[in-house]
Amino acid sequence: MHACTDLLNKANTYAEQHFADVVLSEEFLNLGIEQVCSLISSDKLTISSEEKVFEAVIAWVNHDKDVRQEFMARLMEHVRLPLLPREYLVQRVEEEALVKNSSACKDYLIEAMKYHLLPTEQRILMKSVRTRLRTPMNLPKLMVVVGGQAPKAIRSVECYDFKEERWHQVAELPSRRCRAGMVYMAGLVFAVGGFNGSLRVRTVDSYDPVKDQWTSVANMRDRRSTLGAAVLNGLLYAVGGFDGSTGLSSVEAYNIKSNEWFHVAPMNTRRSSVGVGVVGGLLYAVGGYDGASRQCLSTVECYNATTNEWTYIAEMSTRRSGAGVGVLNNLLYAVGGHDGPLVRKSVEVYDPTTNTWRQVADMNMCRRNAGVCSVNGLLYVVGGDDGSCNLASVEYYNPTTDKWTVVSSCMSTGRSYAGVTVIDKPL
């Protein structure tokens, strides 16, 4: 209306980058058909899965169903159904009345089913706008390092800005915390369990980067420190750890919508100082320490949420307790760790497609109890200790060159057992 094209472009970009939040608003439901088509056809939508686009279309049509259902085919042309999981197509899309009532929509569903039936190499020949992956613009990232031991449990939280290559402090934890699990989920950072300097805790705090403040959420069922934490299918899992007297095999999951924790199947082995990662829809628990047999572990097991079962996979070539675990390019990395007094600088990587581990280049320093995260095609390892002192240094691994490089600026505090995760930089 006021010819503010710059503002319009900024608003469009914001809607693309925050699609999942924007479509929940009343304003989205009141958009016209042209605006909705323009938004959902964008290659740059930042979404965790194409399901978000399908659900947004259904919500928009249902908002004024009598008038809008005639637009279903026009909208479904822009939903990339072939990119959805088969189960979702069968259980959700095919069962949707709005799809059933439109022959054109059924054609799009058939196209998606055909795509799933084809062998991978033939899918490339099936070129349509709906089989093209979306390529979201990368939001600038921050690495958040939470708490840790320096040498006692601390409250300090610092962030590394990858673009500016510098560290800055943000809001401190409500209470001292080290040996906690750390994840980024639904725009919040969760610090799970850990050790406050005297007790193993069940408490969980969440950090909102936009407000720069911490709040408490529901406690876990069990006290756990040196646990593994990861997100799988929208749930936060807390895996193993130590409760103050014994190593744990128990595992629990947190539902953010209901703010509740519940137990799932336990691991086959007690694992404290365990590292976890998610690859290909499975949760992996790597190494750790089995208090019962008093040994560092080379065994690895993986959890299938659909069957609620843990199964052993190929073992690592070395025992690693307190290894940093990270995922990069659908491969699982186990970084450093220790076997008794021996602190490692070696790194091995697991390929789920072949169920094999292989060695890659050593880090520059021996590290155990370090944080690991991946960003922009690189694997970062943060802090930890080398067996005698806590480290403030950070290094990253480039899989293309098989080389480790030390980051020029260090954290303000040397810390081990810190929680580390990567977040979108708040606007």
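Anything mentioned here points back to the structure above.
The structure displayed is predicted, hence computed values, not measured ones.

As a further point, take the sheet that holds strand β19 (residues 331-335). Overall, antiparallel pairing links the 4 strands, which are arranged β18-β19-β22-β23 in an open sheet. Across the chains shown, the open sheet's two edge strands, defined by having one partner strand only, are β18 (324-328) and β23 (356-360). Averaged over all neighbouring strand pairs, the angle between strand axes comes to 25°, with direction disregarded. For β19 and strand β22 (residues 347-351), the ladder comprises 4 bridges, and the chain directions are antiparallel. Across the sheet, Y333 pairs through a bridge with V349, a residue of β22.

Across the sheet, which stays open at both edges, the 4 strands sit in the order β12-β13-β16-β17 with antiparallel pairing between neighbours. Edge positions in the open sheet fall to β12 (275-279) and β17 (309-312), since each of these has one partner strand only. Each adjacent strand pair in this sheet contributes to an overall mean axis angle of 25°, direction not counted. Where strand β13 (residues 282-286) and strand β16 (residues 300-304) come together, 4 bridges link them in antiparallel fashion. Within β16, the position partnered with Y284 by the bridge is C302.

Okay, the packing of helix α5 (residues 51-63) against helix α8 (residues 86-93) next. At their nearest, the axes of α5 and α8 sit 12 Å apart, and the two run at 15° to each other. In this view, α5 runs roughly parallel relative to α8, as classed from their interaxial angle. Crossing angle aside, the handedness with which α5 passes α8 is right-handed. Side by side, α5 and α8 meet where E51, F54, E55 and I58 of the first sit next to Y88, R92 and V93 of the second. Grouping the constituent residues of the contact of α5 with α8 by class yields 4 nonpolar, no polar and 3 charged.

Rules used in this analysis
Residues numbered from 1 in each chain as written. Predicted model: local features only at pLDDT ≥ 70, side-chain atom pairs only at ≥ 80, totals over all residues. Heavy atoms only, no water. Pairing = 2+ DSSP bridges. Helix = DSSP H or I, 4+ residues; strand = E, 2+ residues; numbered from the N terminus. Axes fitted to C-alpha atoms, helices over the stretch in contact; angles between N-to-C directions. Parallel < 35°, antiparallel > 145°, perpendicular 65-115°, else oblique. Left-handed = near helix turned anticlockwise from the far one by under 90°. Contact = heavy atoms within 4.5 Å. Nonpolar A, V, L, I, M, F, W, Y, C, P; charged D, E, K, R; others polar.

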